[in-house]
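Coordinates in review
Spelled out, the chains give:
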Amino acid sequence: MLYRNMQQCLIQVLDQAERVHITGKGRNVTDLYVSIRRPEHPDTQTAFENCVADVNIPVGEVFTSPVLKGTSGVLHVTGVYLNELYYKDLKITFADGMITDYMCANFADDAENRRYIHENVLMQHDTLPMGEFAIGTNTTAYRMARDFKIADKLPILIAEKTGPHFAVGDTCYSHAEETKVYNPDGKEIIAKDNERSVLRKEDVSKAYFNCHTDITIPYDELDAITAHLKDGSTTDIIRDGKFVVPGTEELNVPLEQ
């Protein structure tokens, strides 16, 4: 109930957004815009799933399938474990939702760095779409990982909740887009497709990549997540690594201890 209500406060802002701007701080140079599908009937529809314990353990995220058009910029993490492999200074560049460039600093040779990412993140595809944009809310797990230096040991279902995360590959609703899904408040989640997955209706071989890798920016590398609304105004979701939406104050307690 506690997480459900706080996450619903986030969704109420995010459902008004046409796009969301994510920026890093310190050594993190993330500068990324993610396009959001706006519900046509906001009284009964939502773009974000309120992820609570009936669909995922532990609780702690809201997520959507981004609109690819307009989803552009650089995603950067100074250090991250993906599928038990470590990446130093992982940078992925998106243009209209598709990966156009990538690099890391694991090896002295740039070609070897690119090959490492191509094989283990892109899964040997020439490109992948951004299949998911999520805001993790498990600040307790984040603090635990930092205090006990066990970030590399956290299973992905916990690690992805320790900050905003972005999946490259298929959406979370892959092969189940026609199944109706509802949030605890009764609103139907309508952002299950993107411009690639919808191609299944014409040629299924063009729709899916059969992979989904979550890349998380930890709270301490995060400057802001800002919702850009249809009327031209902006509303911060996170500022200087802290949640600022009214009703989410308790999420900051582990970050301030």
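My aim in this report is to walk through the structure given alongside it, one point at a time. Being a predicted model, the structure only gives us computed values, none of them experimental.

**A word on the overall build of the protein**
- Looking only at helices and strands, the protein features five helices and 15 strands.
- Here the protein has a C-alpha radius of gyration of 17 Å; the compact-globule value for 257 residues is 18 Å, and the two agree.
- In terms of its C-alpha atoms, the protein occupies a principal-axis envelope of roughly 55 × 50 × 35 Å.
- Out of the 257 residues in the protein, the part that is buried amounts to 51%.
- Taking as baseline every contact in the protein between residues at least 6 positions apart, the subset at least 24 positions apart corresponds to 66%.
- Counting only carbon and sulfur atoms, one obtains 51% of the accessible surface of the protein, whose full area is about 11800 Å².

**Description of the side chain of Asn-28**
- With respect to the helices and strands, Asn-28 occurs in the loop between β1 (17-24) and β2 (31-35).
- A distance of 2.8 Å separates the side chain of Asn-28 from the backbone oxygen of His-76, its partner in a polar contact.
- Setting aside its immediate chain neighbours within four residues, Asn-28 contacts His-76, Val-77, Thr-78, Ile-217 and Glu-221.

**Describing the sheet that holds strand β12 (residues 212-216)**
- Read from one edge to the other, the open sheet built from five strands follows the order β4-β5-β9-β10-β12, with strand pairing classed as antiparallel. Each end of this open sheet is capped by a strand with a single partner; those strands are β4 (49-51) and β12. For this sheet, the mean angle separating the axes of adjacent strands, direction not counted, is 25°.
- Bridge count for β4 against strand β5 (residues 61-64) is three bridges, and the pairing is antiparallel. Bridging across to β5, Glu-49 finds its partner in Phe-63.
- Strand contacts of helix α1 (residues 2-14): β4, β5 and β9 (130-136), with the helix running at about 160° to β4, the strand carrying the most contacts.

**What to know about helix α2 (residues 110-120)**
- Turning to α2, its buried residues number three or more, namely Asn-113, Tyr-116 and Ile-117. Down the axis of α2, the buried side of the element spans an arc of 90°, and every buried residue falls inside it.
- Looking at the buried side of α2, the elements it contacts are β7 (85-95) and β8 (98-103).

**Focus: the environment of Phe-63**
- As for its position among the elements, Phe-63 is in strand β5.
- For Phe-63, a relative accessible area of 7% puts it in the buried group.
- Setting aside residues no more than four positions away along its own chain, Phe-63 makes contact with Ala-47, Phe-48, Glu-49, Cys-51, Glu-132, Phe-133, Ala-134, Cys-172 and Tyr-173.

**Some remarks on the pattern of salt bridges**
- All told, the structure shown has 14 salt bridges when counted by the stated rule.
- Among the salt bridges present, the one from Arg-27 reaches Asp-89, with a minimum N-O distance of 3.0 Å. Here Asp-89 lies in strand β7 and Arg-27 lies in the loop between β1 and β2, a separation of 62 residues in the sequence.
- By relative accessible area, Arg-27 is classed as exposed at 56%.
- Taking the relative accessible area as the measure of exposure, Asp-89 reaches 18% and is therefore buried.
- A salt bridge links Arg-200 to Glu-178, with the nearest nitrogen and oxygen atoms 2.4 Å apart. Placement of the pair is Arg-200 in the loop between β11 (188-189) and β12 and Glu-178 in the loop between β10 (164-169) and β11, with a sequence separation of 22 residues.
- The exposure class of Arg-200 is buried, given its relative accessible area of 16%.

**Regarding the pairing of strand β13 (residues 222-229)**
- Among the eight residues of β13, seven are classified as buried, and the element is accordingly described as predominantly covered.
- Note that β1 and β13 share seven bridges and pair antiparallel. Residue pairing in the sheet places Val-20 in a bridge with Ala-227 of β13.
- By the bridge criterion, five bridges tie β13 to strand β14 (residues 234-239) in an arrangement that is antiparallel. From the neighbouring strand, Ile-225 faces β14, where its bridge partner is Ile-238.

Conventions we followed
Residues numbered from 1 in each chain as written. Predicted model: local features only at pLDDT ≥ 70, side-chain atom pairs only at ≥ 80, totals over all residues. Heavy atoms only, no water. Helix = DSSP H or I, 4+ residues; strand = E, 2+ residues; numbered from the N terminus. Rg over C-alpha atoms; globule rule 2.2 N^0.38 Å. Buried < 20%, exposed > 50% of the residue type's maximum accessible area, 1.4 Å probe, protein only. Contact = heavy atoms within 4.5 Å. Areas by Shrake-Rupley, 256 points an atom, 1.4 Å probe, with all protein chains shown as cover. Polar contact = N/O pair within 3.5 Å; in protein donor to acceptor, adjacent residues only side chain to side chain. Pairing = 2+ DSSP bridges. Axes fitted to C-alpha atoms, helices over the stretch in contact; angles between N-to-C directions. Arc of directions from axis to C-beta. Salt bridge = Lys/Arg side-chain N within 4 Å of Asp/Glu carboxyl O.

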